Amino acid sequence: MKIVRVNDHGIIYYGKLENDRVYRIEGDLFADFVVTGSSVALADVTVLAPIIPSKVVAIGKNYRAHIEEMAKAPSSALEPEEPEVFLKPPSGIINPGDEIVYPDGAQRVDYEAEIAVIIGKKARYVKKEDAGDYIFGLCLLNDVSRRDVKKTTTQWVNGKGYDTFCPMGPFIDTEAPLAVKTIRSHLNGELRQDGTTDLMIFSIPELIEHLTDRMTLLPGDVIATGTPAGVAPMQVGDTIVVSSDELGELKNKVVAEKKPK
Ligand code: MG
């Protein structure tokens, strides 16, 4: 099932997306819900980021070719022995179509096309064999990253935690989350990243086992699973599209920051 969160003339709700119509969902997405027969055309509502989680746990360096491009060296000596974990604040989440704000004075701000896992039930000490039971579904996420800040500090949140640096959407797909998915990005219409989830160093089940050995993942929490090779800077005025054959298209434009005087 494809699930969208929409703003329908000021009323926000979840719906099942089917044939460009949104069938309103009633109940708790992570407990009991029903898909009603009440529907609106997708074109008549605004699609929102599908979830506002308690946390976005993100994984760095999870595709070999991306490690090589960042280090400008073969990845064999550089692969992490365990997942490189950081957090993105939920305040950075924006909707499909919203603007990514390029920080005043930044030298390099990159897109990172990623598959995001949405957790479906409270998860702690989950073994990888059981991880599938804890996944609600998948969606697209852009782990926007300011690199010139990252170079000056070991704390990744400095470069990854800006407002607007976490576009998510357009829908959550609950079908076969552990099947291989495609992940791409196009900058101003030009293909830049083209990967598949089977290229990950740590698989989604391995990530869930690793994370829940440390922290409780709550229903709706998000795991950004890392980006394949092909990241590069964006500039003000650019349009970045993260897409997948299975998960649709997440499009955002980059605008300049306007700080209060
Ligand atoms: Mg990333």
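Since we're looking at a predicted model, the values are computed, not measured.

### Observations regarding the overall build of the protein
Here is step 1 of the chain: Tallying secondary structure elements over the protein gives four helices and 20 strands in all.
Here is step 2 of the chain: Computed over the C-alpha atoms, the radius of gyration of the protein is 18 Å, within 12% of the 18 Å expected from 2.2 N^0.38 for a compact globule of 261 residues.
Here is step 3 of the chain: Considered along the principal axes of its C-alpha atoms, the protein spans approximately 55 × 50 × 35 Å.
Here is step 4 of the chain: Taking all 261 residues of the protein together, the buried fraction comes to 52%.
Here is step 5 of the chain: Relative to all contacts within the protein whose residues are 6 or more apart in sequence, the contacts with residues 24 or more apart total 73%.
Here is step 6 of the chain: For the protein, the centre of its 30 positive side-chain charges and the centre of its 39 negative side-chain charges are spaced 5 Å apart.

### Brief notes about the sheet that holds strand 9 (residues 99-102)
Here is step 1 of the chain: Taken together, five strands build an open sheet; the order of strands is 9-20-19-15-16 and the sheet is mixed. Of all the strands in the sheet, just strand 9 and strand 16 (190-196) have a single pairing partner and so form its edges. The average undirected angle you get between the axes of adjacent strands in this sheet is 20°.
Here is step 2 of the chain: Direction of pairing for strand 15 (residues 182-187) relative to strand 19 (residues 239-244): antiparallel, over a ladder of four bridges. Directly across from Leu-187, in strand 19, lies its bridge partner Ile-240.

### Side note on the packing of aromatic side chains
Here is step 1 of the chain: Per the stated rule, a full pass over the model turns up three aromatic pairs.
Here is step 2 of the chain: When the ring of Phe-30 is compared with that of Phe-136, the centres are 5.0 Å apart and the planes differ by 65°; the resulting orientation is edge-to-face. One end of the pair, Phe-30, is in the loop between strand 3 (21-27) and strand 4 (33-41); the other, Phe-136, is in strand 12 (residues 135-142), with 106 residues separating them in the sequence.
Here is step 3 of the chain: The exposure class assigned to Phe-30 is partly exposed, which follows from its relative accessible area of 24%.

### Considering the coordination of the magnesium ion
Here is step 1 of the chain: At 2.0 to 2.1 Å from the magnesium ion lie its protein donor atoms, namely Glu-112 (OE), Glu-114 (OE) and Asp-143 (OD).
Here is step 2 of the chain: Donor residues binding the magnesium ion come from one chain and are separated in sequence as E-x1-E-x28-D. Of this pair, Glu-112 sits in the loop between strand 10 (109-110) and strand 11 (113-119) while Asp-143 sits in the loop between strand 12 and strand 13 (145-146), placing them 31 residues apart in sequence. Asp-143 carries the same exposure label as Glu-112, and that label is buried.

### Considerations on the pattern of salt bridges
Here is step 1 of the chain: Enumeration over the complete set of coordinates arrives at 15 salt bridges.
Here is step 2 of the chain: Across the salt bridge formed by Lys-88 and Asp-143, the nearest N and O atoms sit 2.6 Å from each other. Of this pair, Lys-88 sits in strand 7 (residues 84-88) while Asp-143 is found in the loop between strand 12 and strand 13, placing the two residues 55 residues apart along the sequence.
Here is step 3 of the chain: Look at Lys-88 and you get buried, because its relative accessible area is 1%.
Here is step 4 of the chain: Residue classification places Asp-143 among the buried positions, given a relative accessible area of 0%.

### Examining the sheet that holds strand 13
Here is step 1 of the chain: With respect to topology, three strands assemble into an open sheet ordered 13-10-18, the strand pairing being antiparallel. The open sheet has two edge strands with one neighbour each: strand 13 and strand 18 (233-234).

### Structural notes on the domain arrangement of the protein
Here is step 1 of the chain: Structurally, the protein comprises domain 1 (1-47) and domain 2 (49-256).
Here is step 2 of the chain: The C-alpha centroid of domain 2 is placed 25 Å from the C-alpha centroid of domain 1.
Here is step 3 of the chain: Of the roughly 1100 Å² buried between domain 1 and domain 2 on both sides combined, carbon and sulfur atoms contribute 58%.
Here is step 4 of the chain: If you sort the residues of domain 1 by the area they bury against domain 2, Met-1, Arg-5 and Phe-30 come out on top, with a joint share of 48%.
Here is step 5 of the chain: Where domain 1 touches domain 2, the interface holds zero salt bridges.
Here is step 6 of the chain: The interface formed by domain 1 and domain 2 contains five residue pairs in polar contact (both at pLDDT 80 or more).
Here is step 7 of the chain: Of all the secondary structure elements, the ones that give two or more residues to the side of domain 1 that touches domain 2 are strand 1 (2-8) and strand 2 (11-18).
Here is step 8 of the chain: Element by element, the count of residues in the side of domain 1 that touches domain 2 is highest for strand 1, at four residues.
Here is step 9 of the chain: Looking at side-chain class alone, the side of domain 1 that touches domain 2 contains eight nonpolar, no polar and two charged residues.

What counts and how
Residues numbered from 1 in each chain as written. Predicted model: local features only at pLDDT ≥ 70, side-chain atom pairs only at ≥ 80, totals over all residues. Heavy atoms only, no water. Helix = DSSP H or I, 4+ residues; strand = E, 2+ residues; numbered from the N terminus. Rg over C-alpha atoms; globule rule 2.2 N^0.38 Å. Buried < 20%, exposed > 50% of the residue type's maximum accessible area, 1.4 Å probe, protein only. Contact = heavy atoms within 4.5 Å. Lys, Arg positive; Asp, Glu negative; His and termini not counted. Charge placed at Lys NZ, Arg CZ, Asp CG, Glu CD. Pairing = 2+ DSSP bridges. Axes fitted to C-alpha atoms, helices over the stretch in contact; angles between N-to-C directions. Phe/Tyr/Trp six-rings, centres within 6.5 Å; stacked < 30°, edge-to-face > 60°. Donors = N, O, S within 2.8 Å, 3.2 Å for Na, K, Ca; no water. Salt bridge = Lys/Arg side-chain N within 4 Å of Asp/Glu carboxyl O. Domains from an automatic or database assignment. Buried area = accessible area lost by both parts, 1.4 Å probe. Polar contact = N/O pair within 3.5 Å; in protein donor to acceptor, adjacent residues only side chain to side chain. Nonpolar A, V, L, I, M, F, W, Y, C, P; charged D, E, K, R; others polar.

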